[in-house]
Amino acid sequence: MPRPIDFDRLAFHRLVFARRRHGWWTPLAVGALGLVIYILALLLLALVGVAAALSNPDAARALEAVLADGGALDVTSPLSLVVGLGTVALMLPAYLLASLVVNGRRLGFASAVYGRLRWRWMLVCGGLAIATAVVVTLVTALLPADASAATLEAPAGATLWLSLLAVVLLVPVQATAEEYVFRGYLMQAIGRWLRHPLFAILLPVPLFVIGHLYDPVGQAAVGLFAVAAGWLTWRTGGLEAAIALHVVNNLLAFLLGLLGLSDPAATDVGWVSFASSVLLLAVYAGAVELVLRRRPIVRTYALPRAPLPPTVAMPTPTATVPLPGEPTPDLTRP
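It should be emphasised that the depicted structure is a prediction, and the values quoted were computed from it without experimental measurement.

Chemist: Give me the nonpolar core: which residues, what numbers.
Modeler: In globular proteins that are soluble, nonpolar side chains generally tend to be buried together. Judged by nonpolar contacts, the single largest core of 58 residues is most densely connected at Tyr284 and Tyr301. Residue assignment for this core shows that the elements contributing at least two residues are helix H1 (26-55), helix H4 (91-103), helix H5 (119-141), helix H6 (157-193), helix H8 (205-210), helix H9 (216-236), helix H10 (240-258) and helix H11 (271-294). The leading source of residues in this core is H6, at eight residues. With sequence-adjacent residues up to four places away left out, Tyr284 is seen in contact with Cys125, Leu128, Ala129, Thr132, Leu232, Ala241, Ala244 and Leu245. Counting eight residues, the second-largest nonpolar core is a separate cluster that includes Leu81, Val167, Val171 and Phe254.

Chemist: Could you give an account of H11, with specific residues and numbers?
Modeler: Three or four residues apart is the spacing at which side chains of an α-helix point the same way, because the helix has 3.6 residues per turn. Spanning 24 residues, H11 covers 35 Å between terminal C-alpha atoms, matching the ideal 34 Å at 1.5 Å per step. Listing the buried residues of H11 in full gives Phe274, Ser276, Leu280, Leu281, Tyr284, Ala285, Ala287, Val288, Glu289 and Leu292. Where H11 is buried, its residues meet H5, H9 and H10.

Chemist: Quick rundown of the pattern of salt bridges? Include the residues and the values.
Modeler: What the rule picks out here adds up to four salt bridges. A salt bridge links Glu289 to Arg293, with the nearest nitrogen and oxygen atoms 3.1 Å apart. Placement of the pair is Glu289 and Arg293 together in helix H11, with a separation of four residues, close to one helical turn. By relative accessible area, Glu289 is classed as buried at 13%.

Chemist: Before we move on, can you summarise the packing of helix H3 (residues 78-89) against H6 with the specific residues and values?
Modeler: Interaxial distance between H3 and H6 falls to 8 Å at its minimum, and their mutual angle equals 10°. Taken together, the axis directions place H3 and H6 in an arrangement best described as roughly parallel. Every residue of H6 that contacts H3 at Pro78, Leu81, Val82, Leu85, Gly86, Val88 and Ala89 is listed here: Thr159, Leu162, Ser163, Ala166, Val167, Leu170, Val171, Val173, Gln174, Ala177 and Glu178. Its residues placed into classes, the contact of H3 with H6 shows 13 nonpolar, four polar and one charged.

Chemist: Explain the packing of aromatic side chains to me, using residue names and the numbers behind them.
Modeler: Enumeration according to the criterion identifies five aromatic pairs in this entry. Seen from their ring centres, Phe208 and Phe225 are 6.1 Å apart, and the 15° between their planes marks the pair as stacked. Of the two residues, Phe208 is situated in helix H8 and Phe225 in helix H9; the sequence distance between them amounts to 17 residues. For the pair formed by Phe208 and Phe225, the shared burial category is buried. Put simply, the rings of Phe182, Phe208 and Phe225 touch in pairs and so form one group of aromatic residues. Geometry around Phe208 places Arg183 over its ring, the cationic atom sitting 4.4 Å from the centre. Arg299 extends its terminal NZ or CZ atom over the ring of Trp234, reaching a point 5.5 Å from the ring centre.

Rules of the game
Residues numbered from 1 in each chain as written. Predicted model: local features only at pLDDT ≥ 70, side-chain atom pairs only at ≥ 80, totals over all residues. Heavy atoms only, no water. Core = buried A, V, L, I, M, F, W, Y, C linked by side-chain atoms within 4.5 Å. Buried < 20%, exposed > 50% of the residue type's maximum accessible area, 1.4 Å probe, protein only. Helix = DSSP H or I, 4+ residues; strand = E, 2+ residues; numbered from the N terminus. Contact = heavy atoms within 4.5 Å. Expected span 1.5 Å × (residues − 1). Salt bridge = Lys/Arg side-chain N within 4 Å of Asp/Glu carboxyl O. Axes fitted to C-alpha atoms, helices over the stretch in contact; angles between N-to-C directions. Parallel < 35°, antiparallel > 145°, perpendicular 65-115°, else oblique. Nonpolar A, V, L, I, M, F, W, Y, C, P; charged D, E, K, R; others polar. Phe/Tyr/Trp six-rings, centres within 6.5 Å; stacked < 30°, edge-to-face > 60°. Lys NZ or Arg CZ within 6 Å of the ring centre and 35° of its normal.

Laid out in structure tokens, this is it:
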């Protein structure tokens, strides 16, 4: 028998209880099934790559060069971008399919308390993220250059346009996939077992940091990003604000790489870059909070109450007709 729910409104990290199946075991089952689906998708992608390499010697050499770099993203190589970003993007369908199979219908609660992504709110957050990124980039340009900051030789010609196409098409999906896994799945998995939102916000942070290979300064920046994204997800009741921030942040990094102004794959992060990241997070979170105060949005989901059992009407005394020869009852006496 399922455990009774002793509360009426669910924050984002507790939305598993709004799904058809929400037993204690469901987060573990979603993670296991999602991992299996993801591995199968990677194997299918690898088979496609091998088939392409066998049929085209140029493709074989290009794929060998990408694999020789250990999967590091290279904005001067369109194939490197497709492989690196595409393998991360595959996490999105793997998670959503696993959640649908295990938790059942109402998959939209994996996105927000509204039961689906709030696209208008997403556009608002996207505008805030773009404005914040532009301001922070201009402010950072006034600071002294980081001596340790890595740069690239900007690609040109067809390579530039192919790399730009790969970035524009795949970075939004890659960033969205990371948000669904680290702020969607992990926050709701922890929220299934632990009610306080701080657990759901903070416990996934180490896993997000481990997935980004930077120096200690870069890891600190990634950790702060994870905390800010988790807080925004809980505060707004959905993934839209975190997705908008992640997409704009990654697009900015890759576009600067295509211009030869930075190297998004560099593992050494300078203090100027760290300061700009902190400033970006602080200004964006403040802007979102300001909009929320001026125009509040739905942040929790109201669980439907179970219908009350029908009441049984008590019989009312009625007069009876006596049989012939019987005395008439006196209804005035007790």
